[in-house]
Amino acid sequence: MKITPLLLCGGSGTRLWPLSRKSYPKQFVPLLGETTLFQSTAQRLSGKGFNQPLVVTNTAFRFIVVEQLATAGIDPSAIMIEPEGRNTAPAILASALWLSRNDPDTLMLVAPSDHVVPDTQAFHEAVKAGVPAARDGQLVTFGITPDRPETGYGYLELAKKPKNDKPEAIGLKRFVEKPDEAAAKKMLASGEYLWNAGIFLFSVKTILEAFEKHMPAMIGPVTESLDQGECDLGFLRLAPGPWSGAADESIDYAVMEKADNLSVVPYSGGWSDLGGWDAVWRDGEQDESGVSTSGQATAIDCENTLLRSEDETLEVVGIGLKNVITVAMPDAVLVADASRAQDVKKAVNALKKKNAKQATEFRKDHRPWGWFETLVGGDRFQVKRIHVHPGASLSLQSHHHRSEHWVVVQGTAKVTVDDEVKLLTENQSVYIPLGTVHRLENPGKVPIVLIEVQTGIYLGEDDIIRYEDIYARS
């Protein structure tokens, strides 16, 4: 029997600001190496023994999910779109209900898409060890063997100590909330506690029975949302009306903390949820002084410090720093004491109060056809760099308040301006007058890169009328 992975990827990851933001959170960012956390998770849960993954995300990330899975060479069984985030319980329930319509006895492996698990083989062995218990009707979770008194994680109390290092499913006594440092030290010393990784294995039948027993009120609205859902460009959109009636609960609170058929597989093969920049520093490559650098970053006489430049034109230099985190983006820079890494979300909240765009948005804005980046803007003008994927197309559109001038710097663009259609190659340009119906397409095999100069009294992204759109955006 194969296992169906359920990849959850709707979170915002504010503790890794400014690299992770609401519009493009950490699971889609290559934090460690060239592969994103989402891609690494999908690749880890693929191949022998696994069915095609089921993905739950939100409408803002749907095309990012498709693009990153395609780049990783993975074809999902379905991509389910939540109308709004309601925590993990409704998402898992909707997925179980969807799977039950084909095979109620199948096993599903629930995994967050923003974790780092460097030893894939060891993780597969842990999953394999949990399969017999899951088949026997147990709700199996995977606990991480702690190596420090961490206060940022919830814990799992074991019914007994593990016999050896070989993975096995053993009884789970209870879930423990995030402790203070003194309690964390005691739990670490006892050897009877594991970190709660939020990874679960169970049969579809077992988890549905658990919802019926412990959270029956959630079944009705989620079932209605699924039944009334619509297929849209290959996505399954859950119906928003019934979905809003589902309680906003985690799977731990809704089911796991109430269940008595719990097992846990201890795992010690390396794991991190990259829940802060201190974790990125800890899991990244360091020199003999504990310094981790990324991008155009230079450290001089520094110790236990993280220096990252996320722009190839931006040089970051640290001199004499100790226990400092510095992350530089084109539009925002974070400098923090390493011991305050978990307080980065306070910075995001402070920026939101100031209505600063940097709190949630990037200068680079991802679209289903590619992305654009705002280079410079002022009164009545704005300059953007636009990247269009091969075979992609912007909508047929017009604007009430702005004109545009496009200059192609790479690739060949097919441009529609009212009734005229023509090809533009490198160093050629076209003017789009205000109110003109126009479209940009990439008919070639290489990306298009162009510079767009906008002029007008209003330059917001909402000044757009779409007449045709292959991505079915309103």
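Residue positions are given per chain, counted from 1 along the sequence in the order it is written. The predicted origin of the model limits local features to residues at a pLDDT of at least 70 and limits the giving and counting of side-chain atom pairs to 80 or more, whereas totals for whole chains, interfaces and linings rest on all residues. Hydrogens and waters are ignored; side-chain quantities use all the structure's heavy atoms.

Visitor: Hey, could you run me through the overall build of the protein in this one?
Guide: Helix and strand labels come from DSSP, where a helix needs a run of H or I of at least four residues and a strand needs a run of E of at least two; each type is numbered from the N terminus. Within the protein one finds 11 helices and 28 strands. Here the globule rule is a power law, 2.2 Å times the number of residues to the power 0.38, and the radius of gyration is based on C-alpha atoms. Taking 2.2 N^0.38 as the reference for a compact globule, 474 residues should give roughly 23 Å; the C-alpha atoms of the protein span a radius of gyration of 24 Å, in line with that estimate. Taken along the three principal axes of its C-alpha coordinates, the protein extends 75 × 60 × 40 Å. Only protein chains enter the calculation, and the probe is 1.4 Å; a residue is then buried if its accessible area is under 20% of its type maximum, exposed if over 50%, and partly exposed in between. The buried share of the protein, reckoned over its 474 residues, is 50%. Two residues qualify as a contact provided that any one of their heavy atoms is within 4.5 Å of a heavy atom in the partner residue. The long-range fraction of contacts in the protein, counting pairs at least 24 apart against all pairs at least 6 apart in sequence, stands at 69%. Note that accessible areas follow from Shrake-Rupley with a 1.4 Å probe, and for residues the cover is restricted to the protein chains shown. Accessible surface for the protein amounts to roughly 21,800 Å². Of this, 48% is attributable to carbon and sulfur atoms. Taking the average place of the 49 positive charges on the side chains of the protein and the average place of its 62 negative ones, the gap between the two points comes to 3 Å. When charges are counted, Lys and Arg are positive and Asp and Glu negative, with His and the chain ends excluded. By convention, the charge on Lys lies at NZ, on Arg at CZ, on Asp at CG and on Glu at CD.

Visitor: Please explain the packing of helix 1 (residues 37-44) against helix 2 (residues 62-71) as it appears in this structure.
Guide: Comment: axis = line fitted to C-alpha atoms, over the contacting stretch for helices; angle = value between 0 and 180 degrees taken between N-to-C directions. Where helix 1 contacts helix 2, the axes come no closer than 10 Å and their chain directions differ by 55°. Put simply, helix 1 runs oblique to helix 2. Like other packed secondary-structure pairs, helix 1 and helix 2 cross with a definite hand, here right-handed. Between helix 1 and helix 2, the residues in contact are Phe38, Gln39 and Ala42 and Val65, Gln68, Leu69 and Thr71, respectively. Throughout this description, any angle smaller than 35 degrees is read as roughly parallel, any larger than 145 degrees as roughly antiparallel, any in the 65 to 115 degree range as roughly perpendicular, and the remainder as oblique. Two helices cross in a left-handed way if the nearer one is turned anticlockwise from the farther one by less than a right angle. They cross in a right-handed way if the turn is clockwise.

Visitor: What am I meant to see in the pairing of strand 3 (residues 78-82) here?
Guide: Remark: a regular strand shows side chains that alternate across the two faces of the sheet. Counting buried residues along strand 3, 5 of its 5 residues qualify, which places the element largely inside the surrounding structure. Of the two faces of strand 3, the one holding Ala78, Met80 and Glu82 and the one holding Ile79 and Ile81 are both buried throughout. Bridging between strand 2 (residues 54-58) and strand 3 involves 5 bridges; their strand directions are parallel. Bridge pairing in strand 3 places valine 55 opposite isoleucine 79. The path from the first strand over the helix to the second decides the hand: if it runs clockwise while the strands point away from the viewer, the crossover is right-handed. Following the backbone out of strand 2, through helix 2 and into the adjacent parallel strand 3, one traces a crossover that is right-handed. Strands pair, by our definition, only if DSSP identifies at least two bridges between them. Inspection of the sheet shows strand 3 paired to strand 10 (residues 235-237) by 3 bridges, in the parallel sense. By the bridge assignment, isoleucine 81 is partnered in strand 10 with arginine 237.

Visitor: Would you mind showing me how to read the pairing of strand 15 (residues 316-319) here?
Guide: Because side chains alternate across strand 15, one face comprises the buried residues Val316 and Gly318, and the other comprises Val317 and Ile319, none of which is buried. Pairing analysis gives 4 bridges linking strand 13 (residues 297-300) to strand 15, with the strands arranged parallel. Bridged to threonine 298 within strand 15 is valine 317.

Visitor: Is there a simple way to explain a nonpolar patch on the surface in this structure?
Guide: Nonpolar side chains (Val, Leu, Ile, Met, Phe, Trp, Tyr) are joined into patches within 5 Å and like charges within 9 Å, using only residues with over 30% relative accessible area and no salt bridge. A side-chain nitrogen of Lys or Arg and a carboxyl oxygen of Asp or Glu constitute a salt bridge if their distance falls within 4 Å. A cluster of nonpolar side chains, namely Ile300, Val317 and Ile319, defines an oily patch on the protein surface of about 280 Å² accessible area. Tracing the backbone shows valine 317 in strand 15. Note on valine 317: relative accessible area 51%, which makes it exposed.

Visitor: Hey, could you run me through the packing of aromatic side chains in this one?
Guide: Both the distance between ring centres and the angle between the ring planes are used here to describe each pair of aromatic rings. Here the aromatic set is Phe, Tyr and Trp, taking the six-membered ring for Trp, and pairing holds for ring centres within 6.5 Å; pairs whose planes are under 30 degrees apart are stacked, those over 60 apart are edge-to-face, and all others are tilted. For the structure on display, the rule yields 11 aromatic pairs. Centroid distance phenylalanine 28 to phenylalanine 38: 5.6 Å. Interplanar angle 70°. Geometry classified as edge-to-face. Residue phenylalanine 28 is located in the loop between strand 1 (3-8) and helix 1, and its partner phenylalanine 38 is located in helix 1; the two are separated by 10 residues in the primary sequence. Of the two residues, phenylalanine 28 and phenylalanine 38, neither departs from the other in class, the shared state being buried. Between the aromatic rings of tyrosine 153 and tryptophan 195, the centroid separation amounts to 4.9 Å while the plane-to-plane angle is 70°, which identifies the pairing as edge-to-face. One end of the pair, tyrosine 153, is in the loop between strand 5 (139-144) and strand 6 (155-158); the other, tryptophan 195, is in strand 8 (residues 193-203), and 42 residues separate them in sequence. Residue tyrosine 153 shares its accessibility class with tryptophan 195, and that shared class is buried. Aromatic rings pair up to connect Tyr24, Phe28, Phe38, Phe61 and Phe362 into one cluster. Either the NZ atom of lysine or the CZ atom of arginine qualifies as a charge over a ring when it sits within 6 Å of the ring centre and within 35 degrees of the ring normal. Across from the ring centre of tryptophan 371, 4.1 Å away, lies the NZ or CZ of lysine 364, which sits over that ring.

Visitor: When you look at the nonpolar core in this model, what are you seeing that I'm missing?
Guide: Taken as a class, soluble globular proteins show a tendency for nonpolar side chains to be buried jointly. Take the buried Ala, Val, Leu, Ile, Met, Phe, Trp, Tyr and Cys residues and link them wherever side-chain atoms come within 4.5 Å; each set so joined is a nonpolar core. Among the nonpolar cores identified, the biggest contains 90 residues, and Leu31, Leu109, Phe142, Leu201 and Trp277 are the most heavily contacted of them. No other element matches helix 4 (residues 120-135), which puts 7 residues into this core. Counting 45 residues, the second-largest nonpolar core is a separate cluster that includes Leu93, Phe202, Leu238 and Trp243.

Visitor: Hey, could you run me through helix 11 (residues 344-353) in this one?
Guide: Given 3.6 residues per turn, any residue in an α-helix points the same way as the ones three and four places further on. Buried residues of helix 11: Val344, Val348 and Leu351, and no others. The buried residues of helix 11 occupy an angular sector of 65° when projected down its axis, which confines them to one face. Seen from the buried face of helix 11, the exposed residues on the opposite side, beyond 90 degrees, are Lys346 and Lys353. Once helix 11 finishes, asparagine 355 follows within two positions and takes phi at roughly 60°, a positive value. Throughout, the arc means that of the directions going from the helix axis to the C-beta atoms.

Visitor: Whenever I open this one, the side chain of serine 272 confuses me. Can you help?
Guide: Tracing the backbone shows serine 272 in the loop between strand 11 (262-267) and helix 10 (277-283). Take serine 272: its relative accessible area is 3%, and that puts it in the buried class. Identification of polar contacts relies on pairs of N or O atoms within 3.5 Å, with a donor-acceptor requirement for protein atoms, meaning one able to donate a hydrogen and the other able to accept it, and with residues adjacent in sequence counted only if both atoms are side-chain atoms. Only 3.0 Å separates the side chain of serine 272 from the backbone nitrogen of leucine 274, close enough to count as a polar contact. Once residues within four sequence positions are removed from consideration, serine 272 is found in contact with His115, Val116, Ala279 and Asp283.

Visitor: What is the right way to read the sheet that holds strand 16 (residues 324-328) from this model?
Guide: Through backbone hydrogen bonds, the strands of a sheet pair up, either in parallel or in antiparallel fashion. Across the sheet, 4 strands lie side by side as 12-14-16-17; this open sheet has mixed pairing. Each of the sheet's edge strands pairs with one partner strand only, and the pair in question is strand 12 (292-294) and strand 17 (333-337). Shown here is a sheet whose adjacent strand axes are inclined to one another by a mean of 5°, direction ignored. Two elements, strand 16 and strand 17, share 5 bridges in a ladder whose sense is antiparallel. Of the residues in strand 17, the one forming a bridge with isoleucine 325 is alanine 336.

Visitor: Can you help me understand helix 1 in this one?
Guide: A large share of helix 1 lies buried, amounting to 6 of its 8 residues. All of the buried residues in helix 1 are Leu37, Phe38, Gln39, Thr41, Ala42 and Arg44. As for helix 1, its buried residues are in contact with strand 1, strand 2, helix 2, strand 4 (107-112) and helix 4.

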